[in-house]
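One letter stands for each residue in the lines below.
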Amino acid sequence: MTTPLRVGIVGCGNVALNFHVPAYQAEPERFTVTALADPTPERLELGRTTAGLSPDQVHGDALALIAREDVDVVDVCTPQHLHRDLVVAAAAAGKHILCEKPLAATPADAAAMVEATDTAGVVLGVVHNYLFFPEIVAARTLIDDGAIGEVRTVTVDMLGVVDSPGAAGYRPQWRHDPAAAGGGVLMDMLHGVYLAEHLLAEPVERVSAYVDAATPGDAVEGLALCRLESARRAALVNIGWGFGPGGIRINGSKGRMVLRYRDEGTIPWAPFEALTLTTEAGTETLDLPTGQELASLIAGALRATIADLADAVTDGRAPAAPGRAALRTLEATVAAYTSAALGRSVDLPLPTDGPVHRHGVIGLAELDVPATSGVRTRGLFGLTADPTSFSDGS
Ligand SMILES: NC(=O)c1ccc[n+]([C@@H]2O[C@H](COP(=O)([O-])OP(=O)(O)OC[C@H]3O[C@@H](n4cnc5c(N)ncnc54)[C@H](O)[C@@H]3O)[C@@H](O)[C@H]2O)c1
């Protein structure tokens, strides 16, 4: 029997306490949580009791956790603008890392994390947990088996996303702060971006998008309609807070797949209902387990994510979502904001010396965003309406 990996969790917010701690506790032969860190005292104490730790195992300062000898893996569960310093410090201390999505709020931060972990020779796995949803695994297997021929298009609709607040006691509205979140609903649900690329089965090379606020005056977008192009294929990714429809459709040269969720709702709030495969031979419904409600679905996907990380550490192989792949997902997301602001397609990778690579969505302010751009007129991401656009009345 191998010794369990000793895990230190940084950030005791909703995702850490509702999903990460229980996932580790469900696999005691593989993991033991040895430490927690959070500067918010009430979250740290809630974390301590949830994980069943003693006061000497919890820290207000994450660097004290990272310095502990009884931590093999640092699991970073803070909001994304804080990921970089934590991951770089953990890598320098020789720890393997699991980091929540998005990898960072800016591509530059994410690139620094990838470089630090590469240099240190440690594993950086990112929680792209929707990759493990049973219907996604089944769809990708069918694609790899050639069941629908060559993939042509993928459509991911997630227009019924619930706008969940962060933990009370910290900053419940951080997801609406462009500097902290790096964007709005698209950034929070970039699950849709990596799922689209995963189902295209080709790297995304070009992005175009439209974004809008859910509520006038909001600083981040609540609706994003994106087109992701790979060398020979394209995906439409539509994500929004509200009550819009959800579902995934894959169109191939020899057939199609349709993934349906309860009441045409959005993954993972609406449980999976059916995957149908249509080819010349007719339509069949795959024999997949009934979809689960959100809590058990996310819990299962988190258990698969940590098991994958443990295998990557023990077998010396890449995890399902390595840092470099998560950096590409983040770049595609930031490219969507750039496209919406500039009104044109944006190529990937983003230039590393450009403002949006360095500062993410905040860097849009340094670009020549037209006065007529909806992103500017709606005041998204800190951009302000340009008074010259209204000056001559023509
Ligand atoms: N993969 C998923 O399905 C999923 C689901 C929810 C959230 N997330 C991601 O998890 C991360 C956290 O989200 P959340 O909903 O738990 O947020 P949250 O607001 O509930 O919790 C954030 C926590 O981080 C703590 N924190 C702040 N600064 C810290 C620091 N320097 N060191 C340690 N802790 C610090 C806060 O005190 C708080 O307890 C985000 O990146 C989010 O995108 C992923």
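The rules behind these values
- Residues numbered from 1 in each chain as written.
- Predicted model: local features only at pLDDT ≥ 70, side-chain atom pairs only at ≥ 80, totals over all residues.
- Heavy atoms only, no water.
- Near = heavy atom within 4 Å.
- Polar contact = N/O pair within 3.5 Å; in protein donor to acceptor, adjacent residues only side chain to side chain.
- Areas by Shrake-Rupley, 256 points an atom, 1.4 Å probe, with all protein chains shown as cover.
- Buried < 20%, exposed > 50% of the residue type's maximum accessible area, 1.4 Å probe, protein only.
- Helix = DSSP H or I, 4+ residues; strand = E, 2+ residues; numbered from the N terminus.
- Pairing = 2+ DSSP bridges.
- Right-handed = clockwise from strand over helix to strand, strands pointing away.
- Contact = heavy atoms within 4.5 Å.
- Axes fitted to C-alpha atoms, helices over the stretch in contact; angles between N-to-C directions.
- Domains from an automatic or database assignment.
- Salt bridge = Lys/Arg side-chain N within 4 Å of Asp/Glu carboxyl O.
- Core = buried A, V, L, I, M, F, W, Y, C linked by side-chain atoms within 4.5 Å.

A few words now on the site of the ligand. Around the ligand sit 29 residues in total, of which Asp38, Thr40, Gln80, Lys101 and Trp174 are the nearest. Glutamate 100 is positioned with one of its side-chain polar atoms (N or O) 3.0 Å from a nitrogen atom of the ligand. One of the side-chain nitrogen or oxygen atoms of tryptophan 174 is found 2.8 Å away from an oxygen atom of the ligand. Taking 860 Å² as the accessible area of the ligand by itself, protein coverage stands at 91%.

The buried fraction of strand 13 (residues 272–279) is high, at six of eight residues. The pairing of strand 12 (residues 255–261) with strand 13 spans seven bridges and is antiparallel. Residue pairing in the sheet places methionine 257 in a bridge with leucine 277 of strand 13. Bridging between strand 13 and strand 14 (residues 282–285) involves four bridges; their strand directions are antiparallel. By the bridge assignment, threonine 278 is partnered in strand 14 with threonine 283. Hairpin connection from strand 13 to strand 14: two residues lie between these consecutive antiparallel strands.

Side chains Val73 and Asp75 of strand 4 (residues 73–76) all project onto a buried face; the interleaved residues Val74 and Val76 project onto the opposite face, where all are buried too. As defined by bridge partners, strand 1 (residues 5–10) adjoins strand 4 across four bridges and the pair is classed as parallel. Paired with valine 7 across the bridge in strand 4 is valine 73. Sheet topology places strand 4 next to strand 5 (residues 96–99); four bridges connect them, and they run parallel. Pairing of valine 74 across the sheet is with isoleucine 97, part of strand 5. Crossover handedness for the path strand 4 to helix 4 (residues 83–92) to strand 5: right-handed.

For the rest of this paragraph, the subject is the sheet that holds strand 11 (residues 246–252). Spatially, the nine strands line up as an open sheet ordered 14-13-12-11-7-10-9-8-15, and their pairing is mixed. Bordering the open sheet on either side are strand 14 and strand 15 (346–347), each of which pairs with just one other strand. Across the sheet, helix 6 (residues 134–144) is in contact with strand 7 (151–161), strand 11, strand 12 and strand 13; its angle to strand 12 comes to roughly 180 degrees. Each of strand 7, strand 9 (223–229), strand 10 (234–241) and strand 11 touches helix 9 (residues 191–200); the most contacted strand, strand 7, lies at about 160 degrees to it.

Let us now look at the sheet that holds strand 1. Strand order in the open sheet formed by six strands is 3-2-1-4-5-6, and the pairing between neighbours is parallel. The open sheet has two edge strands with one neighbour each: strand 3 (58–59) and strand 6 (124–126). Strands strand 1, strand 4, strand 5 and strand 6 of the sheet are contacted by helix 4, whose axis makes an angle of about 160 degrees with strand 5. Running over the sheet, helix 10 (residues 294–315) touches strand 1, strand 2 (31–37), strand 4, strand 5 and strand 6 and is turned about 160 degrees from strand 5.

What follows deals with unusual backbone geometry. In this chain, lysine 101 is followed by proline 102 through a cis amide linkage whose omega measures -20 degrees. Relative to the assigned elements, proline 102 resides in the loop between strand 5 and helix 5 (107–120). The omega torsion of the bond from leucine 348 to proline 349 falls at -5 degrees, within 30 degrees of zero and hence cis. Positioned with a positive phi, phenylalanine 381 is a non-glycine residue whose angle comes to about 55 degrees. Mapped onto the fold, phenylalanine 381 is located in the segment after helix 13 (374–377).

Attention now moves to the domain arrangement of the protein chain. Domain boundaries in the protein chain define domain 1 (5–129) and domain 2 (133–394). For domain 1 versus domain 2, the distance between C-alpha centres works out to 24 Å. Listed per partner, the contact involves 41 residues of domain 1 and 50 residues of domain 2. Taken together, domain 1 and domain 2 are joined by three salt bridges. Lysine 101 is paired through a salt bridge with aspartate 188; the nearest N and O atoms lie 3.4 Å apart. Counting every contact that joins domain 1 to domain 2 gives nine residue pairs in polar contact (both at pLDDT 80 or more).

Counting residues in hydrophobic clusters, the biggest one holds 125 residues, and the most contacted among them are Ile250 and Met257. Considering each element in turn, this core owes the most residues, ten residues, to helix 11 (residues 323–342). Beyond its immediate sequence surroundings of up to four residues, isoleucine 250 is in contact with Ala139, Ile143, Ile148, Val151, Thr153, Val154, Leu199, Gly255, Arg256, Met257 and Leu259.

So, about helix 9. Of all ten residues in helix 9, nine are buried, a share of seventy percent or more. Residues His191, Gly192, Val193, Tyr194, Leu195, Ala196, Glu197, Leu199 and Leu200 constitute the buried set of helix 9. Just downstream of helix 9 lies alanine 201, where phi reads positive at about 60 degrees.

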